[in-house]
Amino acid sequence: MENLPAKTIGIVLIDGYADWEFGFLSGGAVEHMGAKVVFLSPGGKAVRSIGGLLAQPDRGIGVDENRDLDAVALIGSDGWPRPDAPDLAPLVSSVLARGGVVGGICAATVPLAKGGFFDGRRHTSNGREWLANIAGNYAGASQYQDVASAINDGRVVSAPGTAPVSFAMTFLSEVYPQAAEMLTGARAMFGAEHSA
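What you see is a predicted model, and the numbers here were worked out from it, not measured in a lab.

(A) Spatial organisation of the overall build of the protein. Secondary structure summary: the protein contains 6 helices and 8 strands in total. For the protein, the sequential pattern of α-helices and β-strands runs β-α-β-β-β-β-α-β-α-α-β-β-α-α. With the C-alpha coordinates aligned to their principal axes, the bounding extent of the protein is approximately 45 × 35 × 35 Å. Per-residue burial over the protein gives 49% buried out of 196 residues. Long-range contacts, defined here as pairs at least 24 residues apart, represent 62% of the contacts in the protein between residues at least 6 apart. Within the structure as shown, the protein displays about 8,900 Å² of accessible surface, and the carbon and sulfur contribution to it stands at 51%. One finds the centroid of the 14 positive side-chain charges in the protein at a distance of 5 Å from the centroid of its 20 negative side-chain charges.

Next up, the structure:
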């Protein structure tokens, strides 16, 4: 689209990241929104996907090296529920504090729950009990929504791992509200195969 503001979107990957959960987001952001997309990982180290794809991210997850981000999306991995999962709270807080957009899909909703970012916000994940079992009695648990698509509340987007298209379209609609109509059309186009 023409005349969209220049935006920088960070996509966080950790080992075991889900290959299918970020392609619509990164591709749509660059190709159709003209965004700059940068990939982040703990320490900026290479990470391998669940399908075996080795990615060499652009930078780490530190606040200082990511002050240019207008939005950040956390991609699911079986590593997020582990006790040694990286702490994304400082980065997420920093992005939200400057009016940015934050998102988590699949198990990447766990750090958002543990960090208190669902407090007072409607949200979803891979299941109410699944998230509660991992994140415990997290702030905002009563706001959980049992839905099959992404939810946006207060610039925090969440989605189950089965909803990469609605995650991408909901996230990009919040980053680029002026493109919401086009993104709604794209979401319907991608969804057509499931309604046939």
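Picking up where we left off.
(B) How the structure looks around unusual backbone geometry. Phi at Cys106 is positive, roughly 60 degrees, even though this residue is not glycine. Positioned with a positive phi, Arg155 is a non-glycine residue whose angle comes to about 70 degrees. Here Arg155 falls in the partly exposed class, since its relative accessible area comes to 28%.

(C) A look at the sheet that holds strand β7 (residues 151–153). Reading across from one edge, β2-β1-β5-β6-β8-β7 is the order of the 6 strands in this open sheet, with mixed pairing throughout. The open sheet has two edge strands with one neighbour each: β2 (36–40) and β7. Direction aside, the axes of adjacent strands within the sheet are offset by 15 degrees on average. Strand direction decides the pairing type here: β7 and strand β8 (residues 156–159), joined by 3 bridges, are antiparallel. Its bridge partner being in β8, Asp153 is matched across the sheet by Val156. The sheet strands contacting helix α1 (residues 23–31) are β1 (8–12), β2 and β5 (71–74), and the helix crosses β2 at an angle near 150 degrees.

(D) Representation of the packing of α1 against helix α5 (residues 164–175). It is at 8 Å that the axes of α1 and α5 come closest, and there the two elements cross at 35 degrees. Where α1 crosses over α5, the handedness of that crossing is right-handed. Where α1 abuts α5, its residues Phe24, Leu25, Gly28 and Ala29 lie against Pro164, Val165, Phe167, Ala168, Phe171 and Leu172. The residue inventory of the contact of α1 with α5, partitioned by class, reads 9 nonpolar, 1 polar and no charged.

(E) Quick look at the nonpolar core. Within the largest apolar cluster, 34 residues are counted, with the highest numbers of intra-cluster contacts made by Ile9 and Phe171. Where this core is concerned, the elements lending two or more residues are β1, α1, β5, β6 (101–105), β8, α5 and α6 (180–195). For this core, the leading source of residues is α5, giving 7 residues. Sequence-distant contacts of Ile9, that is, excluding residues within four places in its chain, are made with Ala29, Ala35, Lys36, Val37, Val38, Leu69, Ala71, Phe171, Leu172 and Val175. One finds Val72, Val95, Ala113 and Val156 within the second-largest nonpolar core, a separate group that totals 27 residues.

(F) Fine view of the environment of Asp64. Here Asp64 is to be found in the loop between β4 (54–55) and β5. Spatially, the C-alpha atom of Asp64 lies 8.9 Å from that of Leu91, the residues being 27 residues apart in sequence. A polar atom in the side chain of Asp64 sits 2.7 Å from the side chain of Arg67.

(G) A look at a nonpolar patch on the surface. A surface patch of nonpolar side chains, about 280 Å² in accessible area, is lined by Phe24, Met189 and Phe190. Summarising the element assignment, Met189 is placed in helix α6.

(H) Representation of helix α2 (residues 89–97) within the structure. When we look at burial in α2, the residues that qualify are Leu91, Val92, Ser94, Val95 and Leu96. Close packing links the buried residues of α2 with β1, β2, β5, β6, α3 (109–114) and β8. One or two residues past the end of α2 sits Gly99, with phi positive at roughly 85 degrees.

(I) How the structure looks around α5. For α5, spanning 12 residues, the distance from its first C-alpha to its last is 16 Å, which sits close to the expected 16 Å at 1.5 Å a residue. For α5, the complete set of buried residues consists of Pro164, Val165, Ser166, Phe167, Ala168, Met169, Thr170, Phe171, Leu172 and Val175.

Calculation rules
Residues numbered from 1 in each chain as written. Predicted model: local features only at pLDDT ≥ 70, side-chain atom pairs only at ≥ 80, totals over all residues. Heavy atoms only, no water. Helix = DSSP H or I, 4+ residues; strand = E, 2+ residues; numbered from the N terminus. Buried < 20%, exposed > 50% of the residue type's maximum accessible area, 1.4 Å probe, protein only. Contact = heavy atoms within 4.5 Å. Areas by Shrake-Rupley, 256 points an atom, 1.4 Å probe, with all protein chains shown as cover. Lys, Arg positive; Asp, Glu negative; His and termini not counted. Charge placed at Lys NZ, Arg CZ, Asp CG, Glu CD. Pairing = 2+ DSSP bridges. Axes fitted to C-alpha atoms, helices over the stretch in contact; angles between N-to-C directions. Left-handed = near helix turned anticlockwise from the far one by under 90°. Nonpolar A, V, L, I, M, F, W, Y, C, P; charged D, E, K, R; others polar. Core = buried A, V, L, I, M, F, W, Y, C linked by side-chain atoms within 4.5 Å. Polar contact = N/O pair within 3.5 Å; in protein donor to acceptor, adjacent residues only side chain to side chain. Patch = residues over 30% accessible without salt bridge, like charges linked within 9 Å, V, L, I, M, F, W, Y side chains within 5 Å. Salt bridge = Lys/Arg side-chain N within 4 Å of Asp/Glu carboxyl O. Expected span 1.5 Å × (residues − 1).

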